[in-house]
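Residue-level structural notes
Each chain is listed here by its residues.
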Amino acid sequence: MPPYQLGFQKGLGCAHALTVLSSILIDADKSGDSLVLGSHDVSHAFDSLIHAQILLELYKRGVDTSAIRALYDMYNHLAVVIRLPGGTITRFVIPVRRGVRQGALTSPVAFNNCILNAQSSAVPSCILKGIDVSLIAYADDIFNPSRTVQSFERNFAILSKEYAKINLTFNREKSDVVLFNWVKTRAGFTINLDGAPVSPKSQMKYLGLPIGDTLKATRRLLILHFQHRTAAAYGSLVANKLRLNRKLLAKLYNASALPNFLYLAPFWRTFTITETKELRRIYFRYAKYLLALPAWSNNSWVIKRYGIIDPNASIRKSIEAYNSRIGRHPWRAILIQ
C-alpha cells in the first residue's frame, strides 16, 4: 500500500490523513509560504469500477491466478432481478458488470489495486520534512496540496487522465480549491481543472472538517464546526430531558458529543490555550443545558457527579493511542503528534 493512501490500512484512519494535512498547514504558516489546496471526490468510485478491470489489474500485480479465479466466480454471477406487479410475474435479469462488492473482505484490496496506478502518477508538488506529500488519499477522497498553481493544475490533469483509464471521473461540483496564505489575487482569478475554470473559495471541507485560507481562519472554522455539531447532539437529546434521569442523559451526551471533540485531535496542536478553553467551555455549556444545571456549575463537579467525560483528558488519551498505531509508516515523521 502506498504511504499516501491512508484508507483500508490497519491502525490508520481519517485522523491520520487529517494530521498530515494539519502538518502541511502548520509548516506553511510558520514559513509564510503560500499553497494551493484541492479537495477532490471521485464520482461513484466504488460503483463504477468495471469487474474485468479489477481482475486485470490484479493479474498485472502478479496475484495468484487461483485467487483471481475465485474473485471472478464471486463477481461473474451477480445480477439484479426486477419483478413487475401484475397478473403474471415478469422477471428481468440484469447482469451486474461494475462495482466493488460492499462488505467483502477482498474489496479494499481490489479497489486500492485499481486506483494505485492513477494515484501514483501524481508529480511532486509539495515536500514536507523531505517527504513528498503531494497527494493524501483516504479511499476515494483525495487532497492535493501544491506549492504553485502550475503544479496543482498539472497534477489534476494527470490524475483525471489516469482515472479515466479505469472508467472513473472527478466530481467537479465537489472539487474545491483554496488559496492558503495568499495575500491577494486579481479579480476573476481562476484555476484550470483539466479545462474547467474554477474560482478559489475561502474555505473547503476534507473528511468532514473545514479548512480555511489561513491557519487562524481554519482554527476559527473548526471551533464553529464543533459548536454546530455539539448543538446538534444536544438537540437530538433534549426531547428526552424530562423522561430520563441526569446520569442517563450524561451517558447519552458523552456518546453523542465527545466524538465531535475527539475528531479535532489532528488539529489540537494548532489551537491556542484560549481556543482550547473555548472548546471545553462549549462542550460543558451544552452538557449543563441538557442536565438543567446552572451555567456557573463547576465543571469538575459535573464530571464527578454526573459522569460527563472530561474532553481534554480524553483527547490526550486519543492522541497517545493515535501515535501508538503509526508503527513504522514511511510518513511517521509527519504523522507523529
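Here, every reference points to the structure presented above.
Throughout, a residue's number is its position along its own chain's written sequence, starting from 1. A pLDDT threshold of at least 70 governs which residues receive local features in this predicted model, and a stricter bar of 80 or more applies before side-chain atom pairs are shown or counted, although totals over entire chains, interfaces and linings include all residues. Hydrogens are left out, water is left out, and the side-chain values use all remaining heavy atoms of the structure.

Let's talk about the overall build of the protein chain
The helix and strand labels rest on DSSP assignments: H or I over at least four residues marks a helix, E over at least two residues marks a strand, and numbering proceeds from the N terminus. The number of helices and strands found in the protein chain is 12 helices and 12 strands. With the principal axes as the frame, the protein chain shows a C-alpha extent of 65 × 65 × 45 Å. Note on classification: 1.4 Å probe, protein chains only; a residue is buried when its accessible area is under 20% of the maximum for its type, exposed when over 50%, partly exposed between these limits. Buried residues in the protein chain amount to 48% of all 337 residues. Within the protein chain, residue pairs in contact and separated by at least 24 positions form 69% of the contacts whose partners lie at least 6 positions apart. Working rule for contacts: check all heavy atoms of both residues, and any pair within 4.5 Å makes them a contact.

Topic: the pairing of strand 11 (residues 203-206)
Only one face of strand 11 is covered, namely the face carrying Met204 and Tyr206; the face carrying Gln203 and Lys205 is uncovered. A pair of strands is treated as paired once DSSP finds two or more bridges between them. Examined bridge by bridge, strand 11 and strand 12 (residues 209-212) share four bridges and lie antiparallel to one another. Within the sheet, the bridge partner assigned to Met204 lies in strand 12 and is Ile211. Linking two consecutive strands that pair antiparallel, namely strand 11 and strand 12, is a turn of two residues; a positive phi of about 50° is found at Leu207 within it.

Some words on the packing of helix 8 (residues 246-262) against helix 11 (residues 311-324)
Axes here mean lines fitted to C-alpha atoms, for a helix over just the part in contact, with angles spanning 0 to 180 degrees between N-to-C directions. As a packed pair, helix 8 and helix 11 sit with axes 10 Å apart at the nearest point and diverge in direction by 55°. In terms of axis orientation, helix 8 runs oblique to helix 11. As helix 8 runs across helix 11, the sense of the crossing is right-handed. In contact with Leu258, Phe261 and Leu262 of helix 8, helix 11 contributes Pro311, Asn312, Ser314, Ile315 and Ser318. Note on terminology: angles under 35 degrees are roughly parallel, angles over 145 are roughly antiparallel, angles of 65 to 115 are roughly perpendicular, and the others are oblique. Handedness of a helix crossing follows the sense of rotation of the near helix relative to the far helix, less than a right angle counterclockwise being left-handed and clockwise being right-handed.

Observations regarding the sheet that holds strand 1 (residues 35-41)
Taken in spatial order, the four strands line up as 6-7-1-8 in an open sheet, and their pairing is antiparallel. Only two strands of the sheet have a single neighbouring strand rather than two, namely strand 6 (136-138) and strand 8 (176-180). Along the sheet, successive strands turn relative to each other by an average axial angle of 15°, direction set aside. Looking at chain direction, strand 1 and strand 7 (residues 141-146) are connected through six bridges and run antiparallel. Its bridge partner being in strand 7, Val36 is matched across the sheet by Ser146. Across the sheet, helix 6 (residues 149-164) touches strand 1, strand 7 and strand 8, and the angle it forms with strand 1 is around 20°.

Overview of the pattern of salt bridges
Each reported salt bridge corresponds to a side-chain nitrogen of Lys or Arg within 4 Å of a carboxyl oxygen of Asp or Glu. Evaluated as defined, the whole model comprises nine salt bridges. Salt-bridge contacts for Asp27 lead to Arg147; the nearest nitrogen and oxygen are separated by 3.7 Å. Pair noted here: Asp27 is in helix 1 (residues 14-31) and Arg147 is in the loop between strand 7 and helix 6, with a separation of 120 residues, a long-range link. With relative accessibility at 28%, the residue Asp27 sits in the partly exposed group.

A few points about a positive patch on the surface
Patches here: salt-bridge-free residues with over 30% relative accessible area, like charges joined within 9 Å, nonpolar side chains (Val, Leu, Ile, Met, Phe, Trp, Tyr) joined within 5 Å. Here the open area of atoms and residues is found with the Shrake-Rupley method and a 1.4 Å probe, where only the protein chains shown may cover a residue. For the purpose of counting charges, residues Lys and Arg are taken to be positive, whereas Asp and Glu are taken to be negative. His and the chain ends are not included. In plain terms, the charge of a residue is placed at NZ if it is Lys, CZ if Arg, CG if Asp and CD if Glu. Together, Arg246, Lys247, Lys251 and Arg305 give the surface a local cluster of positive charge. Here the element with the most residues in the positive patch is helix 8; it accounts for three residues. The topology assignment puts Lys247 in helix 8.

Focus: the packing of helix 5 (residues 107-120) against helix 6
It is at 8 Å that the axes of helix 5 and helix 6 come closest, and there the two elements cross at 150°. Judged by the angle between their axes, helix 5 and helix 6 are roughly antiparallel. In this structure, the crossing between helix 5 and helix 6 has a hand that is right-handed. Two secondary-structure elements touch here, helix 5 through Ile115, Ala118 and Gln119 and helix 6 through Leu159, Glu162 and Tyr163.

Details of the environment of Thr65
Its place among the elements puts Thr65 in helix 4 (residues 65-76). C-alpha of Thr65 to C-alpha of Pro95: the two residues are 30 residues apart in sequence and 24 Å apart in space.

A closer look at a nonpolar patch on the surface
A cluster of nonpolar side chains, contributed by Val80, Ile82 and Ile94, occupies part of the molecular surface with about 220 Å² of accessible area. When you line up the elements, Val80 lands in strand 2 (residues 79-84). Assessed through its relative accessible area of 40%, Val80 is described here as partly exposed.

Quick word on helix 3 (residues 51-60)
His51, Gln53, Ile54, Leu55, Glu57 and Leu58 are the residues of helix 3 that are buried. Its buried side turned inward, helix 3 meets helix 4 and helix 5. After helix 3 finishes, the residue Gly62 shows a positive phi value of roughly 85°.

Observations concerning helix 1
To estimate the expected span of a helix, subtract one from its residue number and multiply by 1.5 Å. With 18 residues, helix 1 extends 26 Å from end C-alpha to end C-alpha; this agrees with the ideal 26 Å at 1.5 Å per step. For helix 1, the set of buried residues is His16, Ala17, Leu18, Thr19, Val20, Leu21, Ser22, Ser23, Ile24, Leu25, Ile26 and Ala28. Among the residues trailing helix 1, Gly32 stands out with phi positive, at a value near 80°.

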